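# Coordinate analysis (summary)
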Amino acid sequence: MSLGLLGKKVGMTRVFDKDAGIMIPVTVVDVKGNEFLQVKTTETDGYSAVQVGFDDQKENRLNAPTKGHFKKHNGTAKKLVQEFRFEDDSALPNTEEAHPGATLFEVGQVVDLIGTSKAKGFQGVVKRYNFAGQPDSHGHMMHRRPGGIGAGTWPGRVWKNKKMPGRHGQYRRTVQNLKVVQVREEDGVVLISGAVPGHKGSYVVVRPGVKANKK
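### Comments concerning a positive patch on the surface
A surface patch of like charges, here positive, comprises Lys 118, Lys 120, Lys 127, Arg 144 and Lys 200. When its relative accessible area of 43% is taken as the criterion, Lys 127 is described as partly exposed.

In structure tokens:
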């Protein structure tokens, strides 16, 4: 993995490509305030990583161990802390300088986004698992119900992991191969084309595309 950004999903807008004469729908991701907190090396921690904090937090809302961690590494209190791992210590970024922020990515770069999908509440099997449902003609009363869920005599119970109604959504999802359309350093935002998981105001992780880098 390489260094990425922590951000907050602001919402959607659109930009116009004058050369191609098309409109591009984009998601605005606010990445202001990314800050290096801690560097982990193979010698001290057993692996190479850099810890990044995002979104300022009031210190009185933190417990004592968390306050001590931020003070030890001369960082300000943050709501979100994330590690980015590296293959070895030589690949670690220079944390003596400020985090590059939005300028970490460039226009046209392929990125992956990690976020938490929207919560849907308690849902049936048709919406939760895309079941086809039962016949919808006159006399049928099983339109959107799951149907049979197991044998009556043996084993006399419902098998574990049976697909049934329940809480749906709020899953951690990674969407790969999205495109950076604009980088607005003065506003501290990145405009990304593609489906970004989560609701407005939710946290996302933006990292260089894994598959694109392998190619």
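Having seen the model, we can carry on.
### As for a negative patch on the surface
Residues Glu 43, Glu 87, Asp 88 and Asp 89 make up a contiguous surface patch of negative charge. Here Asp 89 is to be found in the loop between strand S5 (78-86) and strand S6 (110-116). Relative accessible area serves as the criterion here: at 33%, Asp 89 is assigned to the partly exposed category.

### Details of the pairing of strand S9 (residues 172-184)
Two strands pair when backbone bridges link them, and S6 and S9 are joined in this way by six bridges, in the antiparallel orientation. Bridging from a neighbouring strand, Val 110 pairs with Lys 179 of S9. Summarising the sheet, S9 and strand S10 (residues 189-193) pair through five bridges and their orientation is antiparallel. Counted as the bridge partner of Val 183 is Val 190 from S10. Hairpin connection of S9 to S10: four residues between the antiparallel strands, including Gly 188 at a positive phi of 70°.

### Considering the pattern of salt bridges
Using the criterion set out here, one finds six salt bridges in the structure. Measuring nitrogen to oxygen at the nearest pair gives 3.5 Å for the salt bridge that ties Lys 78 to Glu 35. Taken together, the positions of Lys 78 in strand S5 and Glu 35 in strand S3 (residues 35-40) put the pair 43 residues apart, joining distant regions of the chain. For Lys 78, a relative accessible area of 6% puts it in the buried group. Put simply, Glu 83 and Lys 40 hold a salt bridge, and the shortest N to O gap is 2.6 Å. In this pair, Glu 83 is assigned in strand S5 and Lys 40 in strand S3, connecting sequence segments 43 residues apart.

### Focus: the nonpolar core
Counting residues in each nonpolar core, the largest one holds 14 residues, and the members touching the most others are Val 111, Leu 113, Val 190, Ile 192 and Val 206. For this core, the secondary structure elements donating two or more residues are S6, S9, S10 and strand S11 (203-208). With residues up to four places along the chain from it excluded, the contact list for Ile 192 reads Val 26, Thr 27, Val 29, Val 111, Leu 113, Leu 178, Lys 179 and Val 206. Core analysis: the second largest hydrophobic core is formed by 12 residues, Phe 84, Phe 86, Ile 114 and Val 205 among them.

### Quick look at the environment of Thr 27
Positionally, Thr 27 belongs in strand S2 (residues 22-30). Residue classification places Thr 27 among the buried residues on the basis of a relative accessible area of 1%. Along the chain, Thr 27 and Arg 14 lie 13 residues apart, while their C-alpha atoms are 8.2 Å from each other. Not counting residues up to four positions away in its chain, the partners in contact with Thr 27 are Lys 9, Gly 11, Met 12, Val 190, Leu 191, Ile 192, Gly 194 and Val 196.

Reading the values: the criteria
Residues numbered from 1 in each chain as written. Predicted model: local features only at pLDDT ≥ 70, side-chain atom pairs only at ≥ 80, totals over all residues. Heavy atoms only, no water. Patch = residues over 30% accessible without salt bridge, like charges linked within 9 Å, V, L, I, M, F, W, Y side chains within 5 Å. Areas by Shrake-Rupley, 256 points an atom, 1.4 Å probe, with all protein chains shown as cover. Salt bridge = Lys/Arg side-chain N within 4 Å of Asp/Glu carboxyl O. Lys, Arg positive; Asp, Glu negative; His and termini not counted. Charge placed at Lys NZ, Arg CZ, Asp CG, Glu CD. Buried < 20%, exposed > 50% of the residue type's maximum accessible area, 1.4 Å probe, protein only. Helix = DSSP H or I, 4+ residues; strand = E, 2+ residues; numbered from the N terminus. Pairing = 2+ DSSP bridges. Core = buried A, V, L, I, M, F, W, Y, C linked by side-chain atoms within 4.5 Å. Contact = heavy atoms within 4.5 Å.

Interpretation in functional terms is not warranted from these geometric data alone.
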